[in-house]
Amino acid sequence: MQKQRTFSIIKPDATKRNLVGAICKRLEDSGLRIIAQKRIKMTKEQAESFYAIHSNRPFFRELCDFMISEPVVVQILEGTDAVIKNREVMGATNPAEADKGTIRKDYALSLGENSIHGSDSIENAKIEIEFFFSKDEIVG
Ligand code: GTP
Ligand code: MG
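Residues numbered from 1 in each chain as written. Chains lettered and ligands numbered in written order. Predicted model: local features only at pLDDT ≥ 70, side-chain atom pairs only at ≥ 80, totals over all residues. Heavy atoms only, no water.

Novice: Can you explain the overall build of the protein? Please cite residues and give values.
Specialist: Helix and strand counts for the protein come out as seven helices and four strands. For 140 residues, the compact-globule estimate of 2.2 N^0.38 gives 14 Å, and the C-alpha radius of gyration of the protein, at 14 Å, lies within 12% of that figure. Dimensions of the protein, computed from the C-alpha atoms along their principal axes, are close to 40 × 35 × 25 Å. Scored against the burial criterion, the 140 residues of the protein give a buried share of 44%. The contacts of the protein with a sequence gap of at least 6 include a subset with a gap of at least 24, amounting to 77%. (Helix = DSSP H or I, 4+ residues; strand = E, 2+ residues; numbered from the N terminus. Rg over C-alpha atoms; globule rule 2.2 N^0.38 Å. Buried < 20%, exposed > 50% of the residue type's maximum accessible area, 1.4 Å probe, protein only. Contact = heavy atoms within 4.5 Å.)

Set out below in structure tokens:
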């Protein structure tokens, strides 16, 4: 049991379908607290840098084009074991494989348009939070 922070993005397919509130409710109902949040239009440079780890994958271009296609909501979630808890609430990357009751099972459209991102480790959460938020934007 450890109080942690993780980073989350509500992706373009979800903002486009007016699902921001529904997704935030799922996160909050799980016990996670949204301690910072903003709606942004990601730039091409931001998307390519954020997903640099996938730059050699065949879906990289499609992924970056998707992430800049509509606004996204970037947010910091805090709570007990926040990294793993968030991943549980999100569900598997491919909605076809996601558990019942997860965000991706209920809202994602496809493997690519899967509604939400969540950091996969404490280390990456820290890097991703610093990528999108300055210290004075995190008010708790
Ligand atoms: P994120 O929380 O978004 O990082 O998802 P993840 O950790 O569950 O998956 P991963 O990091 O492996 O992949 C990052 C993102 O790339 C996924 O969430 C998908 O949106 C996208 N992605 C992964 N595989 C494919 C694919 O085969 N095709 C397309 N179009 N997108 C993919
Ligand atoms: Mg990932």
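Novice: Provide a residue-level description of the environment of Arg87, including the pertinent values.
Specialist: Take Arg87: it is sitting in helix α5 (residues 82-90). Not counting residues within four places of it along the chain, the set of residues in contact with Arg87 comprises Gly118, Ser119 and Asp120.

Novice: Got a sec to walk through the pattern of salt bridges? Specific residues and values, please.
Specialist: Taken as a whole, this structure holds 10 salt bridges when the rule is applied. The salt bridge partner of Lys3 is Glu78, with a shortest N-O separation of 3.6 Å. Of the two residues, Lys3 sits in strand β1 (residues 3-10) while Glu78 sits in strand β3 (residues 72-80), which places them 75 residues apart along the sequence. The salt bridge partner of Arg61 is Glu48, with a shortest N-O separation of 3.0 Å. Taken as a pair, Arg61 in helix α4 (residues 60-67) and Glu48 in helix α3 (residues 44-50) lie far apart in primary sequence, 13 residues in all. With a relative accessible area of 23%, Glu48 lands in the partly exposed category. (Salt bridge = Lys/Arg side-chain N within 4 Å of Asp/Glu carboxyl O.)

Novice: How would you explain the sheet that holds β1 if you had to name every residue and give the values?
Specialist: Spatial strand order, β2-β3-β1-β4: four strands in an open sheet with antiparallel pairing. The two strands at the open ends of the sheet, each matched to only one other strand, are β2 (33-40) and β4 (116-118). Along the sheet, successive strands turn relative to each other by an average axial angle of 20 degrees, direction set aside. Contacting β1, β2, β3 and β4, helix α7 (residues 122-132) crosses the sheet at an angle of about 55 degrees to β1. (Pairing = 2+ DSSP bridges. Axes fitted to C-alpha atoms, helices over the stretch in contact; angles between N-to-C directions.)

Novice: An account of the pairing of β1 is needed here, citing residue identities and associated values.
Specialist: Summarising burial for β1: six of the eight residues are buried, a large majority. Bridge count between β1 and β3: eight bridges; the pairing is antiparallel. Across the sheet, residue Lys3 finds its bridge partner in β3, namely Thr80. With three bridges joining them, β1 and β4 adopt antiparallel strand pairing. Directly across from Ser8, in β4, lies its bridge partner Gly118.

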